[in-house]
Amino acid sequence: MNKIQFRHLLACPNCSGFLQFKRETGYCPGCELRIRQEDGIWQCIGKLATQTRFAQKKYDELFTQEFSGPTDGSYEMLSLIARGNRCVDIACGNGLIEKMCPSVVGVDFSLTALKQAQKNGAQFLVLADAQALPFRENTFEIAISSGNLEHFEDPQQALMEMARISKIQVLIVHRFPP
């Protein structure tokens, strides 16, 4: 997948409508939302709930430091599952799966985390809320969320979004304290 093909996977995070593109900007004719790409990261985040904004701020602080995540081999396993499939990693953090499989689309609501993922080699990054994913229905073969579900404000909505955008959903729960 190249960057032109990738941007056509994106949809309006508000209404899931098709976007029209002009260079590094997308526009939704339905609700008139504009999204843009800055430094290789698509900015597809809408208005966040207060609790989500608070969590976003905390995660931005967390990812200013080096963060390695669990060392139980789960990221290696997930990168093997992702390889050869159109895959999205919801709440990708600093891109440990994308580091091993750069074709995976990484989504996070922390811009700081996405910048680290980019340094780790991630090629396709989207700043978005897991509860309003900016992709068309059935865009992906696999959606992964590893160790994140308990951090979402509305986990059920995040799961419904994962089901909407992918054929297969993979959830991994870690015994790893944040």
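Please refer to the structure placed before this passage.
Structural notes, computed from the coordinates. (Residues numbered from 1 in each chain as written. Predicted model: local features only at pLDDT ≥ 70, side-chain atom pairs only at ≥ 80, totals over all residues. Heavy atoms only, no water.)

A few points about the pairing of strand E7 (residues 124-127)
Phase 1: Neither face of E7 is left uncovered, since the one carrying Phe124 and Val126 and the one carrying Leu125 and Leu127 both have all their residues buried.
Phase 2: Relative to E7, strand E4 (residues 41-43) runs parallel, the two sharing three bridges. From the neighbouring strand, Ile41 faces E7, where its bridge partner is Leu125.
Phase 3: As defined by bridge partners, strand E6 (residues 105-108) adjoins E7 across four bridges and the pair is classed as parallel. Looking at E7, one finds that Asp108 is bridged to Leu127.
Phase 4: In this fold, the crossover linking E6 to E7 by way of helix H5 (residues 111-119) has right-handed handedness. (Buried < 20%, exposed > 50% of the residue type's maximum accessible area, 1.4 Å probe, protein only. Helix = DSSP H or I, 4+ residues; strand = E, 2+ residues; numbered from the N terminus. Pairing = 2+ DSSP bridges. Right-handed = clockwise from strand over helix to strand, strands pointing away.)

Things to note about H5
Phase 1: Where H5 is concerned, the buried positions are Ala113, Leu114, Gln116 and Ala117. Down the axis of H5, the buried set is contained in an arc of 160 degrees. They therefore lie on one face.
Phase 2: Residues of H5 that are buried make contact with E4, E6 and E7.
Phase 3: One or two positions beyond H5, positive phi appears at Gly121, with a value near 105 degrees. (Arc of directions from axis to C-beta. Contact = heavy atoms within 4.5 Å.)

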